[in-house]
Amino acid sequence: MSREADISGKLDWVSVLLYVAMVGLGWLNIFAAVYDETANQSIFDLSLNSGRQLMFIAAAVVIILAIIIIDMRFYEAFAYIFYAIILVVLVMVPLIGKEVGGNKSWIGVGSFGVQPSEFAKFITALAVAKFIGSVGFRMDSLRNQAVLFAMILFPLALILLQKDFGTAIVFLSFLVVFYREGMSPFILIVGISMAALAILTLIVKNQWYLHGIIGAVVVVLIFFGKRTVKRITTLIFGALILILTIESFDYVINNVLPERHKKRLEALVNPNFDPMGINWNVTQSKIAIGSGGFSGKGFLKGTQTKFDFVPEQSTDFIFCTIGEEHGWIGTLLVVTVFVFFLQRIIFIAERQKNRFARAYGYSVASIFFFHFAVNIGMTIGLFPVIGIPLPFFSYGGSALWSFTVLLFILLKLDAHRSQVLQRI
Amino acid sequence: MNEGRREIVQLVFALVGIIFIVKLFFVQVLDNRYAELADGNAILREVEYPFRGLIYDRNNKLIVYNTPEFDIQVIIKDVKNFDSARFCAVFEISREELRARFKEMKARKEYSPFKPTLFLNQLSNIDFARVQDHLDEFPGFYIQARTTRAYQSPTLANALGYVSEISKENLARDASGIYKQGDYVGQSGIESFYEEQLRGKRGVRFKLRNVKGIEKGSFKNGEYDTLSTPGANLYTGIDIDLQQYGEFLMKGKAGSIVAIEPASGEILSLVSGPSYDPSLLTGRNYSSNFKLISNDTLKPLFNRPLMAQYRPGSIFKIAQAMTALQEKVITPDTRIRCDRTIINCHGAHTNEDLRGAIANSCNPYFHNVLRRMLNKGIVNDPFEDTRIGLEEWNKHIVSFGFGKRLGIDLPNEKDGLIPTPAYYDRAYRNRPWKFSNIYSIAIGEGENLVVPIQMANFAATIANRGYYYTPHLVKAIGENGKPLPQYLERHYTTIDSSYFVIAVDAMQKVVEEGTGQYRARLADVIVCGKTGTVQNAPPLFDHSVFIAFAPRDNPKIAISVYVEDAGQGARAAASIASLMIEKYLFGGTKRPHIEQYVLNNKFE
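Residues numbered from 1 in each chain as written. Chains lettered and ligands numbered in written order. Predicted model: local features only at pLDDT ≥ 70, side-chain atom pairs only at ≥ 80, totals over all residues. Heavy atoms only, no water.

Things to note about the overall build of chain A
- When you go through chain A residue by residue, the secondary structure sums to 17 helices and 3 strands.
- Burial analysis of chain A (424 residues in total) assigns 53% to the buried set.
- The contacts of chain A with a sequence gap of at least 6 include a subset with a gap of at least 24, amounting to 70%.
- Of the roughly 18,700 Å² that chain A leaves accessible, carbon and sulfur atoms contribute 71%. (Helix = DSSP H or I, 4+ residues; strand = E, 2+ residues; numbered from the N terminus. Buried < 20%, exposed > 50% of the residue type's maximum accessible area, 1.4 Å probe, protein only. Contact = heavy atoms within 4.5 Å. Areas by Shrake-Rupley, 256 points an atom, 1.4 Å probe, with all protein chains shown as cover.)

Remarks on the packing of aromatic side chains
- Inspection of the entire model under this criterion finds 55 aromatic pairs over all chains.
- Centre to centre, the rings of Trp328 of chain A and Phe25 of chain B are 4.7 Å apart; their planes meet at 65°, and the pair counts as edge-to-face. Placement of the pair is Trp328 of chain A in helix H15 (residues 318-350) and Phe25 of chain B in helix H1 (residues 5-30), with the two residues belonging to separate chains.
- Among the aromatic residues, ring-to-ring pairing joins Tyr19, Phe338, Phe341, Phe368, Phe372, Phe392, Phe393, Phe403 and Phe408 of chain A together with Phe20 of chain B into one connected group.
- Arg490 of chain B extends its terminal NZ or CZ atom over the ring of Tyr467 of chain B, reaching a point 4.1 Å from the ring centre.
- Directly above the aromatic system of Tyr245 of chain B lies the positively charged group of Lys583 of chain B, at a separation of 5.3 Å from the ring centroid. (Phe/Tyr/Trp six-rings, centres within 6.5 Å; stacked < 30°, edge-to-face > 60°. Lys NZ or Arg CZ within 6 Å of the ring centre and 35° of its normal.)

Let's talk about the sheet that holds strand E20 (residues 557-563) of chain B
All names here are of chain B.
- Spatially, 5 strands are ordered E12-E11-E20-E19-E18 in an open sheet, and the strand pairing comes out antiparallel. Of all strands in the sheet, those with a lone pairing partner are strand E12 (266-273) and strand E18 (528-534), marking the two edges. Adjacent strand axes in the sheet meet at a mean angle of 5° when their direction is disregarded.
- Pairing of strand E19 (residues 543-550) with E20 involves 7 bridges; the strand directions are antiparallel. When the bridges of E20 are listed, Phe549 appears paired with Ala558.
- Of the strands in this sheet, E18 and E19 touch helix H20 (residues 497-512), which is tilted by about 70° from E18. (Pairing = 2+ DSSP bridges. Axes fitted to C-alpha atoms, helices over the stretch in contact; angles between N-to-C directions.)

Regarding the nonpolar core
- Counting residues in hydrophobic clusters, the biggest one holds 114 residues, and the most contacted among them are Phe178, Tyr360, Phe368, Phe372 and Phe392 of chain A.
- For Phe368 of chain A, the contacting residues outside a window of four places in its chain are Phe338, Phe341, Leu342, Ile345, Pro391, Phe392, Phe403, Leu406 and Leu407 of chain A.
- Ranked by size, the runner-up nonpolar core spans 93 residues in total, among them Ile240, Ala359, Ala460 and Phe500 of chain B. (Core = buried A, V, L, I, M, F, W, Y, C linked by side-chain atoms within 4.5 Å.)

Some details on the pattern of salt bridges
- Counted according to the given criterion, the structure contains 28 salt bridges over all chains.
- Measuring nitrogen to oxygen at the nearest pair gives 3.6 Å for the salt bridge that ties Arg351 of chain A to Asp12 of chain A. Of this pair, Arg351 of chain A sits in the loop between H15 and helix H16 (355-379) while Asp12 of chain A sits in the loop between helix H1 (2-5) and helix H2 (13-34), placing them 339 residues apart in sequence.
- Assessed through its relative accessible area of 4%, Asp12 of chain A is described here as buried.
- The partner of Lys61 of chain B in a salt bridge is Asp241 of chain B, and the shortest N-O contact between them spans 2.7 Å. Residue Lys61 of chain B is located in the loop between strand E2 (55-56) and strand E3 (62-74), and its partner Asp241 of chain B is located in helix H10 (residues 240-249); the two are separated by 180 residues in the primary sequence. (Salt bridge = Lys/Arg side-chain N within 4 Å of Asp/Glu carboxyl O.)

Quick look at helix H14 (residues 280-290) of chain A
- Among the 11 residues that make up H14 of chain A, 10 are buried, leaving the element largely enclosed by the rest of the structure.
- Here H14 of chain A has its buried residues at Trp280, Val282, Thr283, Gln284, Ser285, Lys286, Ile287, Ala288, Ile289 and Gly290 of chain A.

Some details on the state of the cysteines
All names here are of chain B.
- For the structure on display, the rule yields 0 disulfides over all chains.
- Free of any disulfide, Cys362 has its nearest neighbouring cysteine sulfur in Cys338, separated by 3.8 Å.
- According to the relative accessible area criterion, Cys362 is buried, its value standing at 1%. (Disulfide = S-S within 2.5 Å.)

Considering the pairing of E20 of chain B
Residues and elements named next belong to chain B.
- Buried residues dominate E20, accounting for 7 of its 7 residues.
- Burial along E20 is two-sided: the face carrying Ile557, Ile559, Val561 and Val563 and the face carrying Ala558, Ser560 and Tyr562 are both buried.
- When strand E11 (residues 255-261) meets E20, the two strands line up antiparallel, connected through 6 bridges. By the bridge assignment for E20, Ser256 is matched with Tyr562.
- Where E19 folds back on E20, the antiparallel hairpin that results is connected by 6 residues, among which Asn554 adopts a positive phi of roughly 55°.

A closer look at the side chain of Ser402 of chain A
Residue and element names in this part refer to chain A.
- With respect to the secondary-structure elements, Ser402 resides in helix H17 (residues 397-415).
- Taking relative accessible area as the criterion, Ser402 reaches 0% and is therefore assigned buried.
- Excluding residues within four positions of it along the chain, Ser402 makes contact with Glu118, Phe119, Lys121 and Phe122.

Notes on the confidence of the model for chain B
- Looking at chain B, the pLDDT average stands at 86 and 94% of residues meet or exceed 70.
- Note on the complex model: pTM 0.60, ipTM 0.87. (pLDDT = per-residue confidence, 0-100.)

Concerning the pairing of E18 of chain B
Residues and elements named next belong to chain B.
- Across the 7 residues that make up E18, a large majority, 6, are buried.
- Here E18 pairs with E19 via 7 bridges, running antiparallel. Across the sheet, residue Thr531 finds its bridge partner in E19, namely Phe546.

Quick notes on the side chain of Glu247 of chain B
Residue and element names in this part refer to chain B.
- Summarising the element assignment, Glu247 is placed in helix H10.
- Of the side chains with opposite charge, Lys251 comes closest to the buried, unpaired Glu247, at an N-O distance of 7.6 Å.
- In this view, Glu247 contacts Pro154, Thr155, Leu156 and Val271; residues no more than four positions away in its chain are not counted. (Lys, Arg positive; Asp, Glu negative; His and termini not counted.)

With respect to a nonpolar patch on the surface
- On the surface, Leu382 and Phe383 of chain A together with Leu15, Ile18, Ile19, Val22, Phe26 and Leu30 of chain B cluster together into a nonpolar patch covering about 730 Å² of accessible area.
- Mapped onto the elements of the fold, Ile18 of chain B is located in helix H1. (Patch = residues over 30% accessible without salt bridge, like charges linked within 9 Å, V, L, I, M, F, W, Y side chains within 5 Å.)

Pasting the structure below:
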């Protein structure tokens, strides 16, 4: 037991430092986001988000200590059991959950609510990693791939039922893990091109342009390359599938969807669509960030974020407050810290001596990356508005604890990496 | 096998970070548009409410128009040094009211101290003039202009309907997404039926505002602004003078007057008594007035011409006569003895032909006629025979527009009732029934029910000698609007038009020699009419009913008049109908004694 807990020398202190920095900066910005100069409030005021966030942080510290004390083998051993439990809880959430802001993803515990979907992230990561790490696992087996996809699609579908689209699609980030562990990039490429086609169909009003481009690409590929019968038929067949896909997207969008859903969808894929209507939030968010200039307006001096023009300032749009009050210097710092943090996690994952720990490390990295990319992308209009938090910065207990657990399980595994049998 | 994949993932992660940093550099450092927009400024979104379409009468006289009205909105965040005593004095509200309003406002779901929130609604022009000069004393309070309905005269309330804030239920039901909370919407009458055409399209203007709330011009030169489009004007067939005169005659009475132009189906007047002043349901006092009107025991919101169902009474005998002629069970010369043993009659007559029977409203005659029609002896079983006869009879009667709503362009039209065999099966719970059970329908009593507009339409059908156009209020939408196609279709009855000449003859005879001669006859024009006295449960008086059209040839107006609890049709209803005809054809009456008779007599 004492040997288990005494790992201070082996803990990756770089990651811990980055974690402390991000949580601390997040906390200050949550205060800035809700700050009202006339009210003379304290950052510790429990009626404010910042006061409550401090409580969440304190709880997170307790969680960290617990993770470090628990035997490292525990996480792998119980991964499937946790996974089964969380699936049952997710099934129950729509039945007993309460509705907050259009999602039914909360279950109440007294006056506090927790979002089981947040915890599903690290639990699924453990289960997926355990499966990948199991003896005799081969990624090129179709059966194994099917199991892996099922493992991420179950929680994804159940969370979709809670109408929490943002959290649901986070589970797609596991594709990066599969890729790293040997899955053919073909599925990734097809998936990304399908999504790109759907988006293009919405943005490009006349789908004949798209058909033309596809046709031209095929013609070019046929001329420059081996002109075997097989290759040419494959190319033509592929092009036909793409054109059919575009046509069916177009049909669904124009004939099946009601007009206002279509508008929502257009706004979703195209952040520059209808900037004064549906995308009013993105416009306001960009104004807030853009008005920060090079060095920002100064701590607690922002006006846009406080005027309620930007919604969810302390949760999903916390990046606006950073951008407005600390300018490009501030956003540069946050983005750099994040990218450095992600690289560090991959570095840690790669130095693991078994597949379980490595796959888990990649899960951690991909989940953080997905949140980082989607959240910041949405506030600056590079990505559709999908409500997911910025890890460690956004206000909220469930999210903070879930991200903390996610990270510290990896650090715990990493501290004991020399004790495990090599199974790579 | 997986060599290089780690590097690809790391590269992608780093690349996204670099894209963000570059994009942020553009947004934050290079592009100073955003800094201009913000730095204490904010974009103010201002809704421009469209003008609701106007409503005109057949002579292009304005009936309904718009008048400006002002809402006071407040942005709580901008309120500074608020002097509540002064505010109460300027806005003429009490301290309690002010407190209640703030409380109510903050309790609203969409409330935010940063957004403009409705504080006081519907200040009239006069209130606004008083408040306007003082508004700068109260920073944070703004004006939102919109319009409310106004009326040239206090008439036609039930046909026009009213406009008021959309209810929560309707808002939830609205799938179009056009309406927002606080929007105004037509609630009944024309305002509701033609809501889509009248409402127009909202506009939005984006304005820049500095810290002090002073407007600094439009955002991006108005690139995102949309202009409001006014609603379409409606041109109705109503003759507003005739309408006013009708309401004047109906003062103090319950009932209805419906006048139709037979050649087009356009409704000339649609009087429902008792009524209310439509301007009561506009502006700030809407809620209190609405409560008052809807709780009124005389039910002024009940649109009698369309919704009140009465038994048709003797007037129905004309339809019976037409049907019998078409079925060839009688000829115009058939004489039937006035046998008063089964059914009672009135007046001194003994053995009339068809025209005489209509003119004298002979009950035994039509009792006999219906028997011939229902029991033609097609089969031996008298029950089955009645069934077959009634089926035939129903087909003819319904073709006059009875028993089913006509499809007028107003909501809540009632069907009335013309019994079918299936109806009697239900009524008698499948016990057998035959002619002797149901003969009271012969004289328009019994199970028959009609609404006044169907009766006016019936008069128009006879005036047209066999067809009608669906009665309607609106003849065109918009300045150069064409007549609406659904109102251009002729609906023919199942009766040969040659038989209508007999009905016309008989109706002329009613006015010249029969029951209507004292009060319905006019010196300058041949009026054709028919009285009806609809039985009412004692001790109440019978309803007085009259239908008519004039002139006999090339008729210009067909009319039905119902006066509730006013006794014989020859009295109140016939007088009112003839006065209306006179007013419409000649501009006024030459018989002031009849007008006085209608106005002063209590008909009890």
